[in-house]
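This is what each chain is made of:
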Amino acid sequence: AQKITQTQPGMFVQEKEAVTLDCTYDTSDQSYGLFWYKQPSSGEMIFLIYQGSYDEQNATEGRYSLNFQKARKSANLVISASQLGDSAMYFCAMRGGGTSYGKLTFGQGTILTVHP
Amino acid sequence: GAGVSQSPSNKVTEKGKDVELRCDPISGHTALYWYRQSLGQGLEFLIYFQGNSAPDKSGLPSDRFSAERTGGSVSTLTIQRTQQEDSAVYLCASSLTSGRHNEQFFGPGTRLTVL
């Protein structure tokens, strides 16, 4: 079975500063994918970034980067230069193999609030 | 063209009634997924389709829930004899294929309220 843990129910950051949202995972699969999604108050789920388990480089997408530490089974999201529009719920998710193939398993989410 | 669309956006129903929720995936996406988001349970997987077949239905909570997909496109999630615990936002997503690296694009969701 797969499990995603996000231990920070809420995080606060000052505008223009960087923030790290934590995510740890548990799986017995050798091949898997890790995703981060953003959910603003409007409710839509917005894909941010993807990391494959065999990728040697950490993924980056604009101001988003994923700090992937495979041995520690962590996949933290780093948002640089926070903006007010970054205030939202953030979900870490995993897609594995075997019986978990196809579906995403989500963490509980972290609410990020960006202060001006 | 457009993203994933879902209808209705809101549905209020009485306990015991049946409801149908519709999802239109992104054109050309072969994989389609249904999830449920509620306060107590977070985001839960319900079922996924590859083409018209459903390789994984493991997340459907009970036999009151069923889903189908026709023509490799539109999908309908049906909840029979709704209960108050079925109240949640039902999210549909699609991806190009069901491969691990393919991101899933989500629709706006259907908010279901069972009175």
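Note that the structure is predicted; figures quoted are calculated from it, not measured.

Chemist: An account of the overall build of chain B is needed here, citing residue identities and associated values.
Modeler: Counting its secondary structure elements, chain B contains zero helices and 11 strands. Scanning chain B from its N terminus toward the C terminus, one meets helices and strands in the order β-β-β-β-β-β-β-β-β-β-β. The C-alpha atoms of chain B give 13 Å as radius of gyration, which agrees with the globular expectation for 115 residues (13 Å, within 12%). Projected onto its principal axes, the C-alpha positions of chain B cover 40 × 25 × 25 Å. Here chain B holds 115 residues, and the buried ones make up 47% of them. Looking at chain B alone, contacts between residues at least 24 apart form 55% of all its contacts between residues at least 6 apart. Counting 11 positive and 11 negative side-chain charges, chain B places the centres of these two groups 1 Å from one another.

Chemist: Outline the interface of chain A and chain B, supporting the account with residue identities and numerical values.
Modeler: Between chain A and chain B, the contact holds 19 residues from the first and 19 residues from the second. When the buried area of chain A at its contact with chain B is split by residue, A:Arg95, A:Tyr101 and A:Lys103 rank highest and sum to 34% of it. At the boundary of chain A and chain B, one finds five residue pairs in polar contact (both at pLDDT 80 or more). Of all elements in the fold, only strand E5 (33-39), strand E6 (46-52) and strand E10 (88-95) of chain A reach the threshold of two or more residues within the side of chain A that touches chain B. Looking at the side of chain A that touches chain B element by element, the count peaks at four residues for E5(A). Classifying every residue of the side of chain A that touches chain B by side-chain character gives 10 nonpolar, seven polar and two charged.

Chemist: Report on the side chain of B:Thr13, specifying residues and quantitative values.
Modeler: Residues and elements named next belong to chain B. As for its placement among the helices and strands, Thr13 is situated in strand E2 (residues 10-13). The class for Thr13 is buried, based on a relative accessible area of 8%. In this structure, Thr13 is in contact with Val19, Thr82, Leu112, Thr113, Val114 and Leu115, ignoring residues within four places of it in sequence.

Chemist: Talk me through the nonpolar core; I want residue IDs and the actual numbers.
Modeler: Soluble globular proteins: nonpolar side chains tend toward being buried together. Ranked by size, the top nonpolar core spans 24 residues in total, and within it A:Tyr25, A:Leu34, A:Trp36, A:Ile49, A:Leu77, A:Tyr90 and A:Leu112 carry the most contacts. At the level of secondary structure, the elements contributing two or more residues to this core comprise strand E3 (19-21), E5, E6, strand E8 (64-69), strand E9 (74-79), E10 and strand E12 (110-115) of chain A. Per-element tally for this core: the top contributor is E10(A), with four residues. Every residue in contact with A:Tyr90, bar those within four places of it in the chain, is listed here: A:Gln6, A:Leu21, A:Trp36, A:Tyr37, A:Lys38, A:Leu48, A:Leu77, A:Ile79, A:Gly109, A:Thr110 and A:Leu112. One finds B:Phe49, B:Leu77, B:Ile79 and B:Cys92 within the second-largest nonpolar core, a separate group that totals 19 residues.

Chemist: If you had to explain the environment of A:Lys3 to someone new, which residues and values would you point to?
Modeler: Residue and element names in this part refer to chain A. Looking at the element boundaries, Lys3 is found in strand E1 (residues 3-5). Expressed as a C-alpha distance, the spacing of Lys3 and Met94, which sit 91 residues apart in the sequence, is 8.2 Å. Excluding anything up to four places from it in sequence, Lys3 contacts Thr24, Tyr25 and Asp26.

Chemist: Tell me about the pattern of salt bridges, and please be specific about residues and values.
Modeler: Residue and element names in this part refer to chain B. Under the criterion given, the structure shown has five salt bridges over all chains. Where Asp24 meets Arg22, a salt bridge forms, and the shortest distance between an N and an O atom there is 3.0 Å. Across the pair Arg64 and Asp86 runs a salt bridge, and its minimum N-O distance is 2.8 Å. Within this pair, whereas Arg64 is found in the loop between strand E6 (53-56) and strand E7 (65-69), its partner Asp86 is found in the loop between strand E8 (75-79) and strand E9 (88-95), the two being separated by 22 residues in sequence. Under the relative-accessibility criterion, Arg64 is labelled buried at 12%. Its relative accessible area of 1% is what places Asp86 among the buried residues.

Each value, and the rule that gives it
- Residues numbered from 1 in each chain as written.
- Chains lettered and ligands numbered in written order.
- Predicted model: local features only at pLDDT ≥ 70, side-chain atom pairs only at ≥ 80, totals over all residues.
- Heavy atoms only, no water.
- Helix = DSSP H or I, 4+ residues; strand = E, 2+ residues; numbered from the N terminus.
- Rg over C-alpha atoms; globule rule 2.2 N^0.38 Å.
- Buried < 20%, exposed > 50% of the residue type's maximum accessible area, 1.4 Å probe, protein only.
- Contact = heavy atoms within 4.5 Å.
- Lys, Arg positive; Asp, Glu negative; His and termini not counted.
- Charge placed at Lys NZ, Arg CZ, Asp CG, Glu CD.
- Buried area = accessible area lost by both parts, 1.4 Å probe.
- Polar contact = N/O pair within 3.5 Å; in protein donor to acceptor, adjacent residues only side chain to side chain.
- Nonpolar A, V, L, I, M, F, W, Y, C, P; charged D, E, K, R; others polar.
- Core = buried A, V, L, I, M, F, W, Y, C linked by side-chain atoms within 4.5 Å.
- Salt bridge = Lys/Arg side-chain N within 4 Å of Asp/Glu carboxyl O.

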